[in-house]
Every structure is written in C-alpha cells, then in structure tokens.
Amino acid sequence: MAFEDIYELYWQKIFRLCMGYVNDTELAQDLAQETFIIVWQQLPKFRNESSVGTWIFRIASNNCLRQIEKEKRFAKTDLPINLEEKKQESMEPQIQMLYQFISELQETDRIIISLELEEVKQAEIANIVGLSESNIRVKIHRIKEKLTQKFKENGY
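What comes next concerns the included structure. A quick note: this is a predicted structure, and the numbers were derived from the prediction, not measured. (Residues numbered from 1 in each chain as written. Predicted model: local features only at pLDDT ≥ 70, side-chain atom pairs only at ≥ 80, totals over all residues. Heavy atoms only, no water.)

## Considerations on the overall build of the chain
Of the regular secondary structure elements, the chain holds 7 helices and 0 strands. N-terminal to C-terminal, the α/β element order of the chain is α-α-α-α-α-α-α. By the burial criterion, 38% of the 156 residues in the chain qualify as buried. Intrachain contacts of the chain at a sequence separation of at least 6 include 66% that bridge at least 24 residues. Accessible surface, the chain: about 10000 Å² in total, of which carbon and sulfur atoms supply 49%. (Helix = DSSP H or I, 4+ residues; strand = E, 2+ residues; numbered from the N terminus. Buried < 20%, exposed > 50% of the residue type's maximum accessible area, 1.4 Å probe, protein only. Contact = heavy atoms within 4.5 Å. Areas by Shrake-Rupley, 256 points an atom, 1.4 Å probe, with all protein chains shown as cover.)

The following block contains the structure:
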C-alpha cells in the first residue's frame, strides 16, 4: 500500500485517536503528523505481521503515551488569570465533552475507547494494547458506563 493511500485512509482516525489522548486540537494534529512521519520512515520495513491499521494505531498510541509522559515530567505553568484556553469552536458541545471525558480516563482506557470509536475490531484492539479479547469487551462495556455516567452528571 502506498504511503499516500495510507495517509488518506487513516489521517482522520489517527487524529481522533490523538484527540482522545490529549483533548487539544493543535497537539492532536501535531501527534498525528508525527505518527505519519514515523509511518513514512518505517513503511519500507513493515513486514505485514499485522494489518497496516493495527501497525499505525500502535505507532500513534505509543506516540501519544510518550507525549503524556513528557507532560508528566515537565510541570505546566499556570496561565495568567485573564487568559482562557482556546478550544476548537467548530466541534459540537457534546463531542467536545466526550473528548474531555475520554482524556480524563486512565491511559489504557483512553486507547481502548478511542479505537472502539474508530470501529477497530476488538481482536485488533486486544492486539494493539496487549490484552485478551474478552478483557477488551469487559473494559469497553465499563468505559461506556463511565462515560454515560459522566454525561448524566453533566445534564446530558
């Protein structure tokens, strides 16, 4: 498969996966872009031991996890009181809230639900995160319950 085809097919999926991790549009775009740089560099070495999608999702999730680790190492400074963080305005409020709730989940749960939302098969999710397929099913059910509860608590 040509890089251009992979990019076209997976860009939105990888961007949404990154959004689930970081809940920041610009950072998610940067992480998605970094993912595709790695894919482009590593594509000649890809051995078809898994599907291209599984391989790309694994690269993206590792990339996002590295970003989260970086953020933990470097304390963030507080913004001046008169500044508010800017968010992408074009997203519907419920979708923004969903990304917010996903970003508050534990790291493994973030990747699992983000991949589930991208309609990645549960067997593939299990392969990406290194858990059994039955464990993935249980986790997805519990994550959905958590997210539903958060929506209810926030009046949706």
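Resuming the write-up.
## Quick look at the environment of serine 50
Structurally, serine 50 is set in the loop between helix H2 (25-42) and helix H3 (52-73). As a C-alpha pair, serine 50 and asparagine 127 span 77 residues in sequence and 9.0 Å in three-dimensional space. With sequence-adjacent residues up to four places away left out, serine 50 is seen in contact with Trp55 and Asn127.

## Let's talk about the packing of helix H5 (residues 107-117) against helix H7 (residues 133-153)
Across the interface, H5 lies against H7 with an axial gap of 10 Å and an inter-helix angle of 90°. Relative to H7, the element H5 is oriented roughly perpendicular. For the pair H5 and H7, the contacting residues are Asp109, Ile112, Ile113 and Glu116 in the first and Ile136, Lys139, Ile140, Ile143, Lys144, Lys146 and Leu147 in the second. A per-class count over the contact of H5 with H7 returns 6 nonpolar, no polar and 5 charged. (Axes fitted to C-alpha atoms, helices over the stretch in contact; angles between N-to-C directions. Parallel < 35°, antiparallel > 145°, perpendicular 65-115°, else oblique. Nonpolar A, V, L, I, M, F, W, Y, C, P; charged D, E, K, R; others polar.)

## Quick look at the side chain of threonine 54
Secondary-structure assignment places threonine 54 in helix H3. Excluding anything up to four places from it in sequence, threonine 54 contacts Glu124, Asn127 and Ile128.

## Regarding the nonpolar core
Formed by 43 residues in total, the largest nonpolar core has its most connected members in Tyr10, Ile14, Ile56, Phe57 and Leu115. Within the residue set of this core, elements represented by two or more residues are helix H1 (3-22), H2, H3, helix H4 (93-103), H5, helix H6 (122-129) and H7. Residues lining this core come from more than one domain, with at least three contributed by each of domain 1 (1-86) and domain 2 (89-155). Setting aside anything within four residues of it in sequence, one finds phenylalanine 57 in contact with Tyr10, Lys13, Ile14, Leu17, Leu115, Glu118, Val120 and Ile128. (Core = buried A, V, L, I, M, F, W, Y, C linked by side-chain atoms within 4.5 Å. Domains from an automatic or database assignment.)

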